[in-house]
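The primary structure of each chain is shown beneath.
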Amino acid sequence: MSVATSNTAIYVSGLNVRFAGFAAITNLSMELRYGEIRAIIGPNGAGKTTLMDVITGKTRPASGDVFLDRHTNLAVLDETSIARLGIGRKFQKPSVFEALPVRENLELAIRNGRGYADMMRSRLKSEQNRRIDEVLEMIGLAAIGRRSASTLSHGQKQWLEIGMLLVANPRVILLDEPVAGMTDHETARTVELIASLKSPERAVVVIEHDMDFVGQIADLVSVLHDGQLLGEGSMEKVRNDPRVIQVYLGR
Amino acid sequence: MTTLFDTARRRNWALSAFLSKWMEIGIVPVLILIALYLPFAYFAIPEASVLHMSLFGINLIGQIMCFALLALALDLVWGYAGMLSLGHGIFFGIGGYLMAIYLLNGAYAETRVLPDFIQYMGTGGFPAVWKIFSRLDVTVAITIVFTALVAGAFGFVTFRSRINGVYLSIITQALTYALMLLLFINDVGLGGNNGMTGFTSIAGHRIADVSTQIGLAVGSCLLLVIAYVGARYLVRSSLGRALVAVRDDEARMRFLGYRTYTLKLIAWCLSAVIAALAGMLYVPQVGIVNPTIVSPQLSVEIAVWVAIGGRGTLIGAIAGAILVNGLKFWLTSQLPEVWPFVLAGVTLVIVVAFGNGVWGSLKAAGEEANR
């Protein structure tokens, strides 16, 4: 059982999630820390995405606590409030707004749902504009900021979505399968991008199936199985854990 | 062959790009010109000329402009925020009925004769509460506030409960039907089946006067211009972009920190107020208000106008309303029995052939050309 320390970003304790009798997560306790990139792996149905749903307010737990910075109870807040606390999430399938140009996707994200008067006048602060330019550069879409997001390739959409998290400068970034469906070249670019997200004030969590990718980016790996924490440690340690091997290879 | 085809296609694209780009702005002077032309066509052009317009024609244009306002209002919530209301007649009706109360106030003050339905109710005199509506400006102000409150209360409950899509459509449709049944009841005191009529004057002008009717038609054109310019400003702003984002993926917007129900409420209330103002202009032009104004049929028809014109384009909604209603007035006087088939046929053909309505497809082709 983990004990919350000063650099704890998200603290999960005794978490239970049920869907109509099916136990998606059972008595899960874990802690996600600032300054680290954490990978969560596990077979399908292990509860990885459900965990993200609980942290971001999409799903209510049956019991247990989810705390941000050890004092904000996320289990009682809705998605909007949680997002405004600085928890950003990227979904499994790219969900950018295809009806809007690339840059306007980032504008929506940086506004964070605040300031209707500014939105009415289409006004952005100059530092917001600068931040958008910066992020466009980071995600490699600076040259095509005016293009409709619908014209982007699959990989570019994934990057744009990561960029939408970045502009808001979140404390916690949750990425659900960021390299699914990417070419090797795109995956390599994404590894760089995610590595650049690492900061002492930020916790990055990645759900991924691709073990090579996980090995390249993760500081620490947590293995989920049947809604429970099976093991935690470095990629090396996890890879050699007999229980993990059994879950992955025993099927 | 290919080159020939490509050239033809490119020329079509260029044309649609030109049309969709310039009509978005061009519709404003066109509507203002129509507004200016109406009094001129009646008073200055001799009756023998083809350019002369009869009072009937002017009245028709005024009514159609009110329908175009309704379509614009629906496009704002349907085309841009993804909420298909099949009950916008409710707001049209609120505006219409409150206007009728104001008009009856005036008629009673002049003639001292109680409207028939009040006499039949046997309540004694003219309802005291109605006297609040003895001035036009006060009536307009109350209507705007009241409509926004009704729309706000409905929206707050439904949008917060995350009622979306077809469920929202069904609820709004049921509500407009319920309101119609309510208004049919004589004891409700709004004229029941027969509605309210017998208006004499509006803001000091005789309602039967030619100049009053022309003024109302011109006013309808101008309100359409104002509503269009305002709506266009809104949908092109960042707020409008946020609405489109809510339409396409509301859940995603919540995870970006947006209170999506607030965004929807803004669009919903604004749309309701536009519909109510349309109702206020419509009633003095037709001279009567009765429960059919909130019949489910009208509310569905608004959606048909918008679908034919192309939703999410504003101008498409206006064009759709003008086209369909123009056709309707013409056909129902010539061949009344074929009208339903024509409407159904036109709707089917356009939805199948153009996908997103006439204007929507034109605009899409134009954007293709500019790419």
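Above: the structure in question.
To start, this report covers the structure provided alongside it.

Reading the values: the criteria
Along every chain, residues carry numbers that run from 1 in the direction the sequence is written. Ligands are numbered from 1 and chains lettered from A, in the order in which they are written. The predicted origin of the model limits local features to residues at a pLDDT of at least 70 and limits the giving and counting of side-chain atom pairs to 80 or more, whereas totals for whole chains, interfaces and linings rest on all residues. Strands here mean DSSP runs of E at least two residues long; helices mean DSSP runs of H or I at least four residues long; both are numbered from the N terminus. As a reference, a globule follows 2.2 Å times the number of residues to the power 0.38, and the radius of gyration itself is taken over C-alpha atoms. Three exposure classes are used, all based on how many other C-beta atoms lie within 10 Å of a residue's own C-beta (placed from the backbone): buried at 20 or more, exposed at 12 or fewer, and partly exposed between those limits. Any two strands with at least two DSSP bridges between them are considered paired. Here an angle of 0 to 180 degrees is reported between the N-to-C directions of two axes, which are lines fitted to C-alpha atoms, with helices fitted over the stretch in contact. A pair of residues counts as a contact when their C-beta atoms, built from backbone coordinates, are separated by no more than 7 Å. In this scheme, a crossing is called left-handed if the near helix is turned counterclockwise away from the far one by less than a right angle; it is called right-handed if the turn is clockwise. Amino acids outside the nonpolar list (Ala, Val, Leu, Ile, Met, Phe, Trp, Tyr, Cys, Pro) and the charged list (Asp, Glu, Lys, Arg) are all regarded as polar, and Gly is one of them. Think of a nonpolar core as buried Ala, Val, Leu, Ile, Met, Phe, Trp, Tyr and Cys residues chained together by C-beta atoms that fall within 7 Å. Each helix should span, by expectation, one fewer than its residue count multiplied by 1.5 Å.

For chain A, the helix and strand inventory stands at 10 helices and 10 strands. Against the globule reference of 18 Å for 251 residues, chain A gives a C-alpha radius of gyration of 18 Å, in line with a compact fold. Each of the three principal axes of chain A carries a C-alpha extent, and together these read 55 × 40 × 35 Å. Buried residues in chain A amount to 43% of all 251 residues.

In this section: the sheet that holds strand β8 (residues 203-207) of chain A. Residues and elements named next belong to chain A. Spatially, 6 strands are ordered β6-β7-β8-β3-β9-β10 in an open sheet, and the strand pairing comes out mixed. Looking along the sheet, the strands with just one partner apiece sit at the ends: β6 (87-90) and β10 (228-233). Across the sheet, the mean angle from the axis of one strand to that of its neighbour is 20°, orientation sign disregarded. As judged from the 4 bridges shared by strand β3 (residues 37-41) and strand β9 (residues 220-225), these two strands associate in the parallel manner. By the bridge assignment for β9, Arg38 is matched with Leu220.

All right, on to the environment of Arg18(A) then. All names here are of chain A. With respect to the helices and strands, Arg18 occurs in strand β1 (residues 8-19). A residue is classified by how many C-beta atoms lie within 10 Å of it, and Arg18, with 14 of them, is partly exposed. Through-space distance from the C-alpha of Arg18 to that of Arg60 is 9.2 Å; in sequence the pair is 42 residues apart. With sequence-adjacent residues up to four places away left out, Arg18 is seen in contact with Ala23, Ala24 and Ala62.

Here the focus is the packing of helix α5 (residues 126-138) of chain A against helix α6 (residues 154-167) of chain A. Residues and elements named next belong to chain A. Closest axis-to-axis distance for the α5/α6 pair is 10 Å, and the angle between their directions is 145°. As α5 packs across α6, the resulting crossing turns out to be right-handed. Two secondary-structure elements touch here, α5 through Arg131, Ile132, Val135 and Met138 and α6 through Gly163, Leu166 and Val167. Among the residues making up the contact of α5 with α6, the classes are represented as 5 nonpolar, 1 polar and 1 charged.

The subject of this paragraph is the interface of chain A and chain B. Taken together, the 21 residues of chain A in the interface contact 16 residues of chain B. Going through the elements one at a time, α2 (79-84), α3 (102-111) and α4 (116-120) of chain A are the ones with two or more residues in the side of chain A that touches chain B. Each residue belonging to the side of chain A that touches chain B can be placed in one class, and the counts come to 9 nonpolar, 6 polar and 6 charged.

Attention shifts here to the sheet that holds strand β5 (residues 72-73) of chain A. Residue and element names in this part refer to chain A. Spatially, β2-β1-β4-β5 is the arrangement adopted by the 4 strands of the open sheet, whose pairing is antiparallel. The sheet is open, and its two edges are formed by β2 (22-33) and β5, each paired on a single side. When β1 meets β2, the two strands line up antiparallel, connected through 8 bridges. In the sheet register, Ile10 faces β2, and the bridge partner there is Leu32. Sheet contacts for helix α1 (residues 48-55): β1, β2 and β4 (63-68); angle to β1, the most-contacted strand, approximately 115°.

Keep in mind that most residues, glycine aside, have a negative phi and that most peptide bonds are trans. Residues and elements named next belong to chain B. Phi at Arg162 takes a positive value of approximately 60°, unusual for a residue other than glycine. If you trace the backbone, Arg162 turns up in the loop between α5 (136-160) and α6 (165-184). Judged by C-beta crowding, with 12 C-beta atoms within 10 Å, Arg162 ranks as exposed. One non-glycine residue, Leu314, adopts positive backbone phi at about 60°. Tracing the backbone through its elements, the reader meets Leu314 in the loop between α11 (296-309) and α12 (315-334).

Residues and elements named next belong to chain A. In terms of residue burial, β3 counts as a mostly covered element, since 5 of its 5 residues are buried. The two faces of β3 match: Ile37, Ala39 and Ile41 on one face and Arg38 and Ile40 on the other face are all buried. Judged from the 4 bridges that link them, β3 and β8 form a sheet pairing that is parallel. Bridge pairing in β8 links Ala39 to Val206.

So, about the environment of Ile293(B). Residue and element names in this part refer to chain B. In this fold, Ile293 is placed in the loop between β4 (288-289) and α11. Considering only alpha carbons, one finds Ile293 and Arg236, 57 residues apart in sequence, at a separation of 32 Å. Those residues in contact with Ile293 that sit more than four places away from it in its chain are Gly89, Phe92, Gly93, Gly96 and Leu298.

Here we come to the nonpolar core. Residue and element names in this part refer to chain B. Among the nonpolar cores identified, the biggest contains 179 residues, and Leu69, Leu70, Ala71 and Leu72 are the most heavily contacted of them. For this core, the leading source of residues is helix α10 (residues 260-286), giving 18 residues. When sequence neighbours within four positions are dropped, the list of residues in contact with Leu72 reads Ala227, Tyr228, Ala231, Ile274, Leu314, Ala317 and Ile318.

This part is about the packing of α5(B) against α10(B). Think of two packed helices as two axes; the pair is described by the angle between the axes and how far apart they sit. Residues and elements named next belong to chain B. Two numbers describe how α5 lies on α10: the axes approach to 8 Å, and their chain directions differ by 145°. When the axes of α5 and α10 are compared, the crossing they make is right-handed. For the pair α5 and α10, contact is made by Val140, Thr143, Ile144, Thr147, Ala148, Ala151, Gly152, Gly155, Phe156, Phe159 and Arg160 and by Tyr261, Lys264, Leu265, Trp268, Cys269, Ala272, Val273, Ala276 and Met280, respectively. Residue composition of the contact of α5 with α10, by class: 14 nonpolar, 4 polar and 2 charged.

So, on to α6(A). Residues and elements named next belong to chain A. For α6, with 14 residues, the first-to-last C-alpha span of 20 Å sits near the 20 Å given by 1.5 Å per residue. The element α6 is largely enclosed, with a buried count of 12 among its 14 residues. Turning to α6, its buried residues number three or more, namely Gln156, Lys157, Gln158, Trp159, Leu160, Glu161, Ile162, Gly163, Met164, Leu165, Leu166 and Val167. Tucked into the core, α6 has its buried residues touching β6, α3, α5, β7 (172-176) and α7 (184-195). Note on α6: the residue one or two positions beyond its end, Asn169, has a positive phi of about 50°.

What follows is about the pairing of β4(A). All names here are of chain A. In terms of strand pairing, β1 meets β4 through 5 bridges, oriented antiparallel. Of the residues in β4, the one forming a bridge with Tyr11 is Phe67. Where β4 and β5 come together, 2 bridges link them in antiparallel fashion. For Leu68, the partnering residue across the bridge sits in β5 and is Thr72. Following β4, the chain reverses through 3 residues before pairing antiparallel with β5; Asp69 in that reversal takes a positive phi of roughly 55°.

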